[in-house]
Each structure stands twice: as structure tokens, then as C-alpha cells.
Amino acid sequence: MGNIKVTVNHNRCVGSQLCMHFLPDVFDLDGNGQAIVCGLDDTDVTTLVQTAEQCPQCAIKVEDESTGEVLFPPAELGM
Ligand code: SF4
């Protein structure tokens, strides 16, 4: 697995904090009450994708930077 990139779409995030609940070392809230990625450390990609799946707004995107593959959300969601 190559470099993983996780981003939060602030046009979608409503600050529910679910992602912080699952991965408190990865996600934090910014001053506007929206999630930000503070560091992935050694978080495995399966856990990242599972957390992204839990986001009620589908605001979390997980990509493999080395291949450009979007691991979540799936293309059929049209995000
Ligand atoms: S779970 Fe989704 S909507 Fe909630 S804070 Fe995280 S990114 Fe934002």
C-alpha cells in the first residue's frame, strides 16, 4: 500500500464528530467546528476507509496517492 491521503470536504462536513470518535488521533475540529486531518501516523487504510464510511455526510475522502486510486467514496456515489 502506498501513501494514503485523507481529506475532509468542508462543503459537506457538519461537525458531527463521528470521525473523531472512531479515530481521535487522526481527526480534530477546526475553529469553525469542522473536521480536519491532523495526522495519519500508522493508521491502517482499512480503518480509515471504515471511518470514512461512517461519516453521515460522506465528507471524508481516502486516496492512494501512489496510484491515484480513490478508496472511498466509491465512484457510484458521485462525490
Ligand atoms: S464524521 Fe463527517 S460530518 Fe462528522 S465531523 Fe467527521 S467529517 Fe464532519
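Basis of the calculations
- Residues numbered from 1 in each chain as written.
- Predicted model: local features only at pLDDT ≥ 70, side-chain atom pairs only at ≥ 80, totals over all residues.
- Near = placed C-beta within 6 Å.
- Nonpolar A, V, L, I, M, F, W, Y, C, P; charged D, E, K, R; others polar.
- Pairing = 2+ DSSP bridges.
- Helix = DSSP H or I, 4+ residues; strand = E, 2+ residues; numbered from the N terminus.
- Axes fitted to C-alpha atoms, helices over the stretch in contact; angles between N-to-C directions.
- Buried ≥ 20, exposed ≤ 12 C-beta atoms within 10 Å, placed from the backbone.
- pLDDT = per-residue confidence, 0-100.
- Core = buried A, V, L, I, M, F, W, Y, C linked by C-beta atoms within 7 Å.
- Contact = placed C-beta atoms within 7 Å.
- Arc of directions from axis to C-beta.

**Notes on the site of the ligand**
As a structural note, the neighbourhood of the ligand is formed by 14 residues, with C13, S16, L18, C19 and C55 the closest of them. Here the shell around the ligand is composed, by residue class, of 10 nonpolar, 4 polar and no charged.

**Some thoughts on the sheet that holds strand β4 (residues 60-64)**
A sheet is described by the order of its strands in space; here 3 strands give the open sequence β1-β4-β5, paired in antiparallel fashion. In this open sheet, the two edge strands, each paired with only one partner strand, are β1 (4-8) and β5 (69-72). Strand after strand, the sheet turns through a mean of 30° between neighbouring axes, direction not considered. Across 5 bridges, the pairing between β1 and β4 is antiparallel. Paired with T7 across the bridge in β4 is K61.

**A look at the environment of H10**
Structurally, the position occupied by H10 is in the loop between β1 and α1 (18-22). For H10, a count of 13 C-beta atoms within 10 Å puts it in the partly exposed group.

**Quick notes on unusual backbone geometry**
For the bond running from F72 to P73, omega is 0°, close enough to zero to count as cis. Despite not being glycine, D41 shows a phi value in the positive range, around 45°. Mapped onto the secondary structure, D41 falls in the loop between β3 (35-37) and α2 (45-54). The class of D41 is exposed, set by 8 C-beta atoms lying within 10 Å.

**Brief notes about the confidence of the model for the protein**
Across the protein, the average pLDDT comes to 94, with 95% of residues at 70 or higher. Element-level pLDDT for the protein is lowest in β5, with a mean of 96, against a maximum mean of 98 in β3.

**Looking at the nonpolar core**
Residues C19, A52, I60 and V62 are the most contacted members of the largest nonpolar core, which totals 15 residues. Put simply, the parts of the chain that give this core at least two residues each are β1, α2 and β4. If sequence neighbours within four positions are ignored, A52 has contacts with I60, V62 and F72.

**Overview of α2**
Along α2, the positions that sit buried rather than exposed are L48, T51 and A52. The buried residues of α2 all sit within an arc of 100° when viewed along its axis, so they share a single face. In this structure, α2 carries T46 and T47 as exposed residues pointing more than 90 degrees from its buried face. Residues of α2 that are buried sit in contact with β1, α1, β4 and β5.

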